[in-house]
Amino acid sequence: MMSNADSASTVASVLQSMTLLATLSTAENVRSSVAQRRAGLDPSAQEPPGRASASLRTTGRELMDLLMQVVLGHMHLVEQDERPIAVAVRHFDLLMKLRRSERLLHNMHQRLLSLYPDVSESLVEEARAVHGEVERLIDADEEVLLAGLDTAAERAISFVVWARHEV
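Below is a summary of the structure that appears in this document. Residue positions are given per chain, counting from 1 as you read along its sequence in written order. Restriction of local features to residues with pLDDT of at least 70 applies here, the model being predicted, together with a cutoff of 80 or more for giving and counting side-chain atom pairs; totals for whole chains, interfaces and linings are based on all residues. Side-chain figures throughout are based on the complete set of non-hydrogen atoms in the structure, without hydrogens or water.

What follows deals with helix α4 (residues 121-139). Numbered from the N terminus, helices here are DSSP runs of H or I no shorter than four residues, and strands are runs of E no shorter than two. By this rule, a helix spans an expected 1.5 Å times one less than how many residues it contains. A rise of 1.5 Å per residue sets the reference length of α4, with its 19 residues, at 27 Å; its end C-alpha atoms lie 27 Å apart and thus fit the reference within 8%. Among the residues of α4, L123, V124, E126, A127, A129, V130, H131, G132, E133, V134, L137 and I138 are the ones counted as buried. Should any heavy atoms of two residues lie within 4.5 Å, those residues are counted as being in contact. If you follow the buried residues of α4, they end up packed against α3 (84-115) and α5 (142-166). Accessible area is worked out with a 1.4 Å probe on protein chains only. A residue is then buried under 20% of its type maximum, exposed over 50%, and partly exposed in between.

Here we come to the environment of S122. Locating S122 in the fold gives a position in helix α4. By relative accessible area, which is 43% here, S122 ends up partly exposed. Whenever a nitrogen or oxygen atom comes within 3.5 Å of another N or O atom, the pair is scored as a polar contact, on the condition that within protein one atom can donate a hydrogen and the other can accept it, and that pairs from neighbouring residues in sequence are kept only if both atoms are in side chains. Here S120 takes part through its side chain, which lies 3.3 Å from a polar atom of the side chain of S122.

Right, let's talk about the pattern of salt bridges for a bit. Salt bridge, as used here: a side-chain nitrogen of Lys or Arg that lies within 4 Å of a carboxyl oxygen of Asp or Glu. Counted according to the given criterion, the structure contains six salt bridges. Close ionic contact of R111 with E47 constitutes a salt bridge, the shortest N to O distance being 2.6 Å. Placement of the pair is R111 in helix α3 and E47 in the loop between α1 (4-38) and α2 (49-77), with a sequence separation of 64 residues. Across this residue pair, the class does not change: R111 and E47 are buried.

Definition of nonpolar core: a set of buried residues of the types Ala, Val, Leu, Ile, Met, Phe, Trp, Tyr and Cys, connected through side-chain atoms within 4.5 Å. Judged by nonpolar contacts, the single largest core of 30 residues is most densely connected at L63, L98, L112, L149 and F159. Elements supplying a minimum of two residues to this core: α2, α3, α4 and α5. Considering every element that reaches this core, the biggest residue donor is α5, with eight residues. Sequence-distant contacts of F159, that is, excluding residues within four places in its chain, are made with L105, M108, L112, L123, E126, A127 and V130.

Another point: the packing of α4 against α5. A fitted line through C-alpha atoms represents every axis, and for helices the fit uses only the stretch in contact; the resulting angles, taken between N-to-C directions, go from 0 to 180 degrees. Packing of α4 against α5 brings their axes to within 10 Å, and their N-to-C directions diverge by 155°. Taken together, the axis directions place α4 and α5 in an arrangement best described as roughly antiparallel. As for how α4 packs across α5, the hand of that crossing is left-handed. Judged by residue contacts, S122, L123, E126, A127, A129, V130, E133 and L137 of α4 engage V144, L145, G148, L149, T151, A152, R155, A156, F159, W162, A163 and E166 from α5. Only Asp, Glu, Lys and Arg are considered charged, only Ala, Val, Leu, Ile, Met, Phe, Trp, Tyr, Cys and Pro nonpolar, and every remaining residue, Gly among them, polar. Here the contact of α4 with α5 is built from residues that sort into 13 nonpolar, three polar and four charged. Each angle gets one of four labels, with under 35 degrees taken as roughly parallel, over 145 as roughly antiparallel, 65 to 115 as roughly perpendicular, and the rest as oblique. Crossing chirality is assigned from the near helix's rotation relative to the far helix, an anticlockwise turn below a right angle marking it left-handed and a clockwise turn marking it right-handed.

A few words on α5. An ideal rise of 1.5 Å per residue puts 36 Å on 25 residues; α5 measures up with 35 Å between its terminal C-alpha atoms. Take the seven residues that end at a residue and the seven that start at it, fit an axis to each, and the angle between those axes is the bend at that residue. At L149, α5 shows its strongest bend, of approximately 45°. Along α5, the residues classified as buried are L145, L146, L149, A152, A153, A156, I157, F159, V160 and A163.

Without other data, these values stay purely geometric and don't point to any function.
What follows is the structure, given as C-alpha cells:
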C-alpha cells in the first residue's frame, strides 16, 4: 500500500508528464505548420486537386485509426472502480486524441474546399459540422463529453467513409 507521500509524488509525476506531453504535442503542431509554410504549402489556401485528394486519403486513414482508438478507449472511461489517477490519465488521453481528430477534420474540410465543386456541397458541410461537434466535445465538461462521445465518433466515422467514396 502506498503512503500519502508516495501517492502525492506519483500524482505529481503523472501530472507533470501529462503537461509535458501536451506541451510537446503543441510544439510539434507549430513546428509542422512552420515547415509546411516554408515548403510553400499554406493549409488555408486552395490546393491542386491531385494534392488535395492525396492529402484527403492520407488524413482520412489517420483519422479513422484515431477514431477507432477513441471508441475503444471510451469503454475504459466509464469504469467506476479505477483509481482517480488512472481515470485522469485516460481522460487526458481521450482529450489529446480528440484534439488531434479536430485538427485532422479541419484539414479534411480545407482539402474538400479545394476540390469543391467536384465534391458535393453536403460532404463539405458535413466536414464542417463534424469538426464543430468535436470542438464542442473538447470544450465540454466530462459528463457531456462522455454522453456525446459515441454519437460524435459514429458521425465522424461515417464522414470518413463518405469522403473515401466521394473523393
